[in-house]
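Chain residues, written in single-letter form:
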Amino acid sequence: MSEHPFDLVIRGGRVVLPDATKQIDIGIRDGLIVALDEDLGEAHREVQAEGRLVLPGGVDTHCHMDQQPWEGKSTADDFNTGTLSALCGGTTTVVSFAMQMRGQSLRAIVEDYHERAGPKARIDYGFHLIVGDPSAEALREEIPGLIAEGCTSIKIYLTYDGLKLDDYEVLNVLDLARAQGAMVMVHAENDACIRWLTEKFIAARKTQLRYHEKAHSEIGDREATFRAISLSELIETPILVSHVAAGGAVEEIRRAKARGLPIYAETCPQYLFLSADDIDTHDLSGAKCVCTPPPRDKSNQPAIWTGILDGTLEVFTSDHSPWHYADKIAGGPNTPFHRIPNGIPGIETRLPLLFSAGVNGGRMSLQKFADLTAGAPARLFGLHPRKGRIALGADADLAIWDAARSVTITNSALHHNTDYTPYEGQTIKGWPIMTISRGDIVWDDGKVLAEPGRGQFIARERPFPPQQALSKVLAS
Ligand code: DUC
Ligand code: ZN
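What comes next concerns the included structure. Nothing here was measured: the structure is a model prediction, and the numbers come from that model.

Pairing is parallel in the open sheet, where eight strands are placed in the order β6-β7-β8-β9-β10-β11-β12-β13. Each edge of the sheet is formed by a strand with only one pairing partner; in this case those strands are β6 (58-60) and β13 (315-316). Against the sheet, helix α1 (residues 79-88) makes contact with β7 (91-99) and β8 (124-130), and its axis sits at roughly 145 degrees relative to β7, the strand it touches most. Those strands touched by helix α13 (residues 350-360) are β6, β7 and β13, and its axis lies near 120 degrees from that of β6.

Encoded structure:
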């Protein structure tokens with residue numbers, strides 16, 4: 001029995017609770033929040049948070065760490081540097097991807113991923129199952145068991161060689177997810193449009209970077225989003241549309257929601273704070289912003305903001321998928337757009353970028369910010385009630401913010417294992433100065449206090465009740 005009631009008390013901060021912001025103390029014992037009140041008693045350790053904001057630690061449910069294999073290589077961050085960068089940016093839980101490609105055993109991939117993450121992760125983590133080969137064996141023998149072990153979400157791709165599923169396969173995956181109560185995330189780009197446009201541009205020697213955005217057309221995003229929604233409606237199971245980049249896709253999702261369908265959606269910093277102009281450079285430096293879907297024409301940004309603010313897009317993640325610049329342009333000075341590995345770093349800048357433009361920019365409340373970046377991803381991916389909010393009984397995963405700090409983003413101050421940030425030089429206001437994971441101070445304004453291996457695998461709950469009854473069309 002401890003001599004003090006608390007291991008740690010955070011004193012006097014403005015604490016962002018799900019429905020209000022209150023100046024109170026937070027009492028922590030055994031890694032959990034056990035008291036939320038004024039003037040709490042003594043603790044082994046105290047943090048003075050007067051004048052600071054205390055937010056839930058970020059939950060980033062879309063990040064690629066030690067991705068095996070991806071574009072022929074693994075991503076630049078493993079679970080050590082990836083979770084380091086996350087915690088230095090105020091994030092306390094990450095969900096990364098165990099990726100099955102055609103012909104591979106998903107169980108073997110998940111086991112390998114546990115070995116990669118366990119000794120290295122500094123904060124808590126989970127795995128989504130990327131299903132790239134929904135064979136009868138994977139659907140029957142592997143996936144139900146992996147869901148039961150806490151990997152309760154599936155990611156599917158409608159494009160990318162080695163990963164893309166046809167609509168028949170998508171239906172099979174959705175049917176399984178329905179029976180299991182799992183979430184299905186969909187990478188919704190139209191594969192044929194991308195391949196056809198890419199071939200035409202390359203044949204016409206239009207190889208410059210700006211054709212990357214044109215080959216990944218907004219029309220293709222809209223069509224694939226609508227198709228994913230339609231397949232989800234047929235099976236009667238929820239989906240989450242990943243990394244929504246363009247206004248057309250936002251419209252499709254809004255229409256689906258208006259019809260009462262359980263369609264959820266996510267967007268990322270690159271669709272608010274980068275645009276197609278950042279790819280269209282006179283040299284190859286635009287490769288630093290090449291990802292899929294690509295940052296779009298600036299005219300899409302207001303639609304993404306509106307989608308966030310009206311609840312069409314409820315989750316804000318990083319899609320952190322870092323490469324060294326040299327790997328991006330390994331094809332030399334004339335690397336054509338379709339040979340540039342897709343993906344950008346962003347796990348550490350995700351929260352500050354949105355905080356600055358969203359909260360300090362007067363667009364959204366602190367509650368909205370906390371829900372987009374922690375609450376909603378926790379609920380939709382089976383981490384609630386343990387993660388994603390400041391509440392009694394929840395894990396003491398917190399980020400203390402200096403809401404007024406002005407920061408000019410520069411790569412040398414970040415902690416990921418890549419040599420650039422696409423946001424270099426952007427000046428923003430507000431930065432997380434302390435991160436607390438299960439009651440441990442893991443980041444203290446410049447000091448990293450978390451060792452690799454302290455993070456725990458979180459076996460996530462099923463986000464939805466498993467459905468045994470036949471769907472309407474099958475029962476008809
Ligand atoms: N697009 C993805 O869908 N994932 C990782 C990188 C990218 O650009
Ligand atoms: Zn991704």
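Within the secondary structure, Glu424 sits in the loop between β14 (398-408) and β15 (427-437). Beyond its immediate stretch of four places on either side in the chain, Glu424 contacts Ile409, Thr410 and Asn411. A polar side-chain atom of Glu424 sits 2.7 Å from a polar atom in the side chain of Thr410.

Now for the pattern of salt bridges. Evaluation of the coordinates by the stated rule reveals 39 salt bridges. Of the charged contacts in the structure, one is a salt bridge between Arg107 and Glu149, with a shortest N-O distance of 2.8 Å. In this pair, Arg107 sits in helix α2 (residues 106-117) while Glu149 sits in the loop between α3 (136-148) and β9 (153-157), placing the two residues 42 residues apart along the sequence. Connected via shared salt-bridge partners are Asp124, Arg386, Lys387, Asp395, Asp397 and Arg438.

Turning next to the pairing of β14. Two elements, strand β5 (residues 53-56) and β14, share four bridges in a ladder whose sense is antiparallel. The partner of Val54 across the bridge, within β14, is Ile400. For β14 and β15, the ladder comprises eight bridges, and the chain directions are antiparallel. Bridging across to β15, Ala399 finds its partner in Thr435.

Next up on the list: the side chain of Ser96. By the secondary structure assignment, Ser96 is in strand β7. Judged by relative accessible area, which is 0%, Ser96 ranks as buried. With near-sequence residues (within four places) excluded, Ser96 lies in contact with Cys63, His64, Met65, Phe79, Tyr113, Gly126, Phe127 and His128.

Surrounding ligand 1, one finds His64, Trp70, Tyr160, His187, His243, Cys291, Thr292, Asp319, Ser321, Asn342 and Gly343. Taking Thr292, its main chain carries an N or O atom lying 2.8 Å from a nitrogen atom of ligand 1. A distance of 3.2 Å is found between an oxygen atom of ligand 1 and a backbone nitrogen or oxygen belonging to Gly343. Taking 240 Å² as the accessible area of ligand 1 by itself, protein coverage stands at 100%. Here the residues of the shell around ligand 1 sort into three nonpolar, seven polar and one charged.

Membership of the largest hydrophobic core comes to 105 residues, with the highest contact counts inside it found for Phe127, Leu129, Ile143, Ile154, Ile156, Val244 and Phe369. Looking at this core element by element, the count peaks at six residues for α13.

Below, the discussion takes up the side chain of Thr83. Following the sequence through the fold, Thr83 ends up in helix α1. Under the relative-accessibility criterion, Thr83 is labelled buried at 0%. There is a polar contact of 3.0 Å between the side chain of Thr83 and the backbone nitrogen of Arg122.

Taken together, His62 (NE2), His64 (NE2) and Asp319 (OD) make up the full set of protein donors to the zinc ion (ligand 2), lying 2.0 to 2.2 Å away. Geometry at the zinc ion (ligand 2) is irregular, judged from its four donor atoms and the angles of 82 to 162 degrees they form at the metal. Going along the chain, you hit the donors of the zinc ion (ligand 2) in the pattern H-x1-H-x254-D. Per residue, the accessibility class of His62 equals that of His64, and both read buried.

Below, the discussion takes up helix α11 (residues 301-309). Every buried residue of α11 is accounted for by Gln301, Ile304, Trp305, Gly307 and Ile308. Down the axis of α11, the smallest arc covering the buried residues is 160 degrees, so these residues share one side. Next to the buried residues of α11 lie α8 (247-258), β12 (263-267), α9 (270-273), β13, α13 and α14 (366-380). Following α11 by one or two positions, Gly311 adopts a phi angle in the positive range, close to 90 degrees.

Below, the discussion takes up α2. The terminal C-alpha atoms of α2, which comprises 12 residues, lie 16 Å apart, in line with the 16 Å expected from a rise of 1.5 Å per residue. What α2 keeps buried is the set Leu106, Ile109, Val110, Tyr113 and Ala117. When α2 is viewed along its axis, its buried side chains cluster within an angular range of 95 degrees and face the same direction. The N-cap residue of α2 is Ser105: its side-chain oxygen and the backbone nitrogen of Arg107 are 3.4 Å apart.

As a further point, take the environment of Asp221. Relative to the helices and strands, Asp221 resides in helix α7 (residues 218-235). By relative accessible area, Asp221 is classed as buried at 4%. As a C-alpha pair, Asp221 and Gly331 span 110 residues in sequence and 28 Å in three-dimensional space. Look past the residues within four positions of Asp221 in its chain and what remains in contact with it is Ala188, Glu189, Ala245, Ala246, Pro293 and Arg296.

Moving on: a nonpolar patch on the surface. Together, Leu234, Leu470, Val473 and Leu474 make up a nonpolar patch on the protein surface, roughly 390 Å² of accessible area in all. If you trace the backbone, Leu470 turns up in the loop between β17 (447-448) and α15 (472-475). Take Leu470: its relative accessible area is 56%, and that puts it in the exposed class.

Okay, unusual backbone geometry next. In this chain, Thr292 is followed by Pro293 through a cis amide linkage whose omega measures -15 degrees. With respect to the secondary-structure elements, Pro293 resides in the loop between α10 (276-279) and α11. Between His384 and Pro385 the backbone carries a cis peptide bond, its omega angle lying at 5 degrees. Here Pro385 is to be found in the loop between α14 and β14. Look at Asp66: it is not a glycine, yet its phi comes out positive at around 50 degrees. The residue Asp66 is located in the loop between β6 and α1 in this model. According to the relative accessible area criterion, Asp66 is buried, its value standing at 8%. Despite not being glycine, Tyr160 has its phi angle at roughly 90 degrees, a positive value. On the accessibility criterion, Tyr160 (17% relative accessible area) is buried.

How each quantity is defined
Residues numbered from 1 in each chain as written. Chains lettered and ligands numbered in written order. Predicted model: local features only at pLDDT ≥ 70, side-chain atom pairs only at ≥ 80, totals over all residues. Heavy atoms only, no water. Pairing = 2+ DSSP bridges. Helix = DSSP H or I, 4+ residues; strand = E, 2+ residues; numbered from the N terminus. Contact = heavy atoms within 4.5 Å. Axes fitted to C-alpha atoms, helices over the stretch in contact; angles between N-to-C directions. Polar contact = N/O pair within 3.5 Å; in protein donor to acceptor, adjacent residues only side chain to side chain. Salt bridge = Lys/Arg side-chain N within 4 Å of Asp/Glu carboxyl O. Buried < 20%, exposed > 50% of the residue type's maximum accessible area, 1.4 Å probe, protein only. Near = heavy atom within 4 Å. Areas by Shrake-Rupley, 256 points an atom, 1.4 Å probe, with all protein chains shown as cover. Nonpolar A, V, L, I, M, F, W, Y, C, P; charged D, E, K, R; others polar. Core = buried A, V, L, I, M, F, W, Y, C linked by side-chain atoms within 4.5 Å. Donors = N, O, S within 2.8 Å, 3.2 Å for Na, K, Ca; no water. Tetrahedral: all angles 85-135°; square planar, octahedral: opposite > 155°, others 65-115°. Arc of directions from axis to C-beta. Expected span 1.5 Å × (residues − 1). Patch = residues over 30% accessible without salt bridge, like charges linked within 9 Å, V, L, I, M, F, W, Y side chains within 5 Å.

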